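# Breakdown of the fold
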Amino acid sequence: MIYIYNDYGGTHTTSLAAAYHLKQLPQSERKLSSEEILNVKYFNQLTKEDFGKLILHGVDEDGHSVYTIGRKRNKYVIPALKEMSLLLQEKFKFDEKIVFSNTSPTVPFTMSMGGFFSRGLKIDFIGVPLLVKGAKQCCDNIYRLVHNTKEVGRTTFSENVIILENKMYK
């Protein structure tokens, strides 16, 4: 199975989701410390050159690969990846389940502004504190989103490629 967490930039909530998924962060809904947030691999480290790239974060305890992708505002990226996956599955006769999980609904305004200042304007002394504050605001939702994503992955659906929009985590 392959899990792909996606959002606008692919470097904040997706990185936190991948870290929760891979058990690199405490497995609870408690608020994370600033240090825990800033030590997450790829958190606030990707650039515009990384948009659209699948980034492998690791393999989970069940042997499943965990990726992230920043898709910008393009609503066609994930449906296109789904179609490509289905095409490859049919052509090469494999049935690897792929779960696309959207982390965008978890993003608070504070984090959006932090990302704008830090990644967009390169003003880290304003952006990074806002990102950390935003991450603290949404880490419990991200934890629950990851738990749900893994549960969906474990269930048997007739589809091998699943897209989770996760609007309930807004």
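Data block above holds the structure.
Going along each chain's sequence as written, the residues are numbered from 1 onward. Where totals are concerned, whole chains, interfaces and linings use all residues; where local detail is concerned, this predicted model gives features only for residues with pLDDT of at least 70, and gives and counts side-chain atom pairs only at 80 or more. The basis for every side-chain value is the complete set of non-hydrogen atoms in the structure, without hydrogens or water.

Moving on to the pairing of strand E3 (residues 65-70). In this scheme, a residue with accessible area under 20% of its type's maximum is buried, one over 50% is exposed, and one in between is partly exposed, where area comes from a 1.4 Å probe on protein chains only. Strands are runs of DSSP state E lasting at least 2 residues, helices are runs of H or I lasting at least 4, and numbering of each runs from the N terminus. Of all the six residues making up E3, five are buried; the element is thus mostly covered by neighbouring parts of the structure. Two strands pair under a simple rule: DSSP has to find at least two bridges between them. Across six bridges, the pairing between strand E1 (residues 2-7) and E3 is parallel. Its bridge partner being in E3, Asp7 is matched across the sheet by Gly70. Alignment of strand E2 (residues 55-59) against E3, held across four bridges, turns out to be antiparallel. Bridging from a neighbouring strand, Gly58 pairs with Val66 of E3. Where E2 hands over to E3, the hairpin turn is made up of five residues, of which Gly63 adopts a positive phi near 85 degrees.

Leu16, Tyr20 and Phe43 are the most contacted members of the largest nonpolar core, which has 30 residues in total. Elements with a minimum of two residues in this core: E1, helix H1 (13-21), helix H5 (124-154) and strand E5 (161-164). Looking at which element gives the most residues to this core, the answer is H5, with 10 residues. Residue contacts are counted whenever heavy atoms from the two residues lie within 4.5 Å of one another. If we ignore the near neighbours within four places in the chain, the residues touching Leu16 are Leu25, Leu32, Val40, Phe43, Met111, Ala135 and Ile142. Core analysis: the second largest hydrophobic core is formed by six residues, Ile4, Ile69, Ile98 and Phe100 among them. What we call a nonpolar core is a set of buried Ala, Val, Leu, Ile, Met, Phe, Trp, Tyr and Cys residues that are connected through their side-chain atoms within 4.5 Å.

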